[in-house]
Amino acid sequence: MEIIESLQWRYATKKFDNTRKLPQEKIDILTTAFNLTATSYGLQPLKLVVLNDKEIQKELTAHSWNQQQVADASHILIFCIENTVGEAYITKYFDNVKAIRDTPEEILKPFKEQLIDSFGKKSADEISNWAAKQAYLAMGNLLTVCATEKIDACPMEGFISEKYDEILNLTQLGLTSVLVLPVGYRSKDDMFADLKKVRRSINETVITL
C-alpha cells in the first residue's frame, strides 16, 4: 500500500516554495528514472532538459501562460523529442544493443531492417506524434517516481513550445519540447495541497473480464 499512499499524497502542485532546492541526489534519481522509462521498440526518441536557472525560468514563465510554478519550482524538467528518427538513428540504436548485449549482427539484422523500412515510410508528422507519445510515457513514470520520493511536481502542456525551443536553443540540438514538469517542494500555503482527490470510482474506470 505504500505506493498507493504516495500516489494519494501527490497532486498537481500550484504553488512551490521558491526558497527550497531539490538536492542533487533527487535530481539524479529523476534523470535515471527518465532514462529507464519504457519506450516503443526501446528507441528512446527523447531527451530531458534539466533547468535550474531562475532567470531563464522567469523568462519561460511568460511563455507558459504566466503559470508561476515555472518561476518558483526548484527545477524545470523539459521533455523533448528527437526531430529526426531515421536510418542513422535506428542503426545507432542497434549498434548500442550489439555493444551492450554482444548480440550477433545476424540476429539483429532482420528487426533492424524492418524498423528502418517502417520508419522510412512514415511522414515527419507521424514520427513526431509517435515520439510525443513516448514523452507522455516518460512523464507518467516520473510523476510516480516523484510521488515515491516526496518530490512535488506539476505536469504541464500549457506552454508555447516554439518559444521554449528558441530560448533553450533546442532546435539547434535537433529537439522539440513537448511537455514541462516543474519539480520541487510545495509551499505551505498552497490551498490545493489539502483538497480531496476527485476521481471516478474504480468500478467506473476498470473493466474486469
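Scroll up for the structure.
Colleague: Can you explain the side chain of H63? Please cite residues and give values.
Modeller: Looking at where H63 falls in the secondary structure, it is placed in the loop between α3 (54-61) and α4 (69-72). Sequence-distant contacts of H63, defined by excluding residues within four places in its chain, comprise F159, I160, K163, Y164 and I167.

Colleague: Can you explain the pattern of salt bridges? Please cite residues and give values.
Modeller: For side chains bearing opposite charge, pairing can occur when the charged atoms are close. What the rule picks out here adds up to 8 salt bridges. Of the charged contacts, one joins K112 and E105 as a salt bridge, the two residues approaching to 3.2 Å between their closest N and O atoms. With a relative accessible area of 29%, E105 lands in the partly exposed category. Across the pair E166 and K163 runs a salt bridge, and its minimum N-O distance is 4.0 Å. Of this pair, E166 and K163 both sit in helix α8 (residues 161-167), 3 residues apart, which is roughly one turn of the helix.

Colleague: I'd like a rundown of the pairing of strand β4 (residues 175-184), residues and numbers included.
Modeller: In terms of residue burial, β4 counts as a mostly covered element, since 9 of its 10 residues are buried. As judged from the 2 bridges shared by strand β3 (residues 152-153) and β4, these two strands associate in the antiparallel manner. Within the sheet, the bridge partner assigned to D152 lies in β4 and is G184.

Criteria and thresholds
- Residues numbered from 1 in each chain as written.
- Predicted model: local features only at pLDDT ≥ 70, side-chain atom pairs only at ≥ 80, totals over all residues.
- Heavy atoms only, no water.
- Helix = DSSP H or I, 4+ residues; strand = E, 2+ residues; numbered from the N terminus.
- Contact = heavy atoms within 4.5 Å.
- Salt bridge = Lys/Arg side-chain N within 4 Å of Asp/Glu carboxyl O.
- Buried < 20%, exposed > 50% of the residue type's maximum accessible area, 1.4 Å probe, protein only.
- Pairing = 2+ DSSP bridges.

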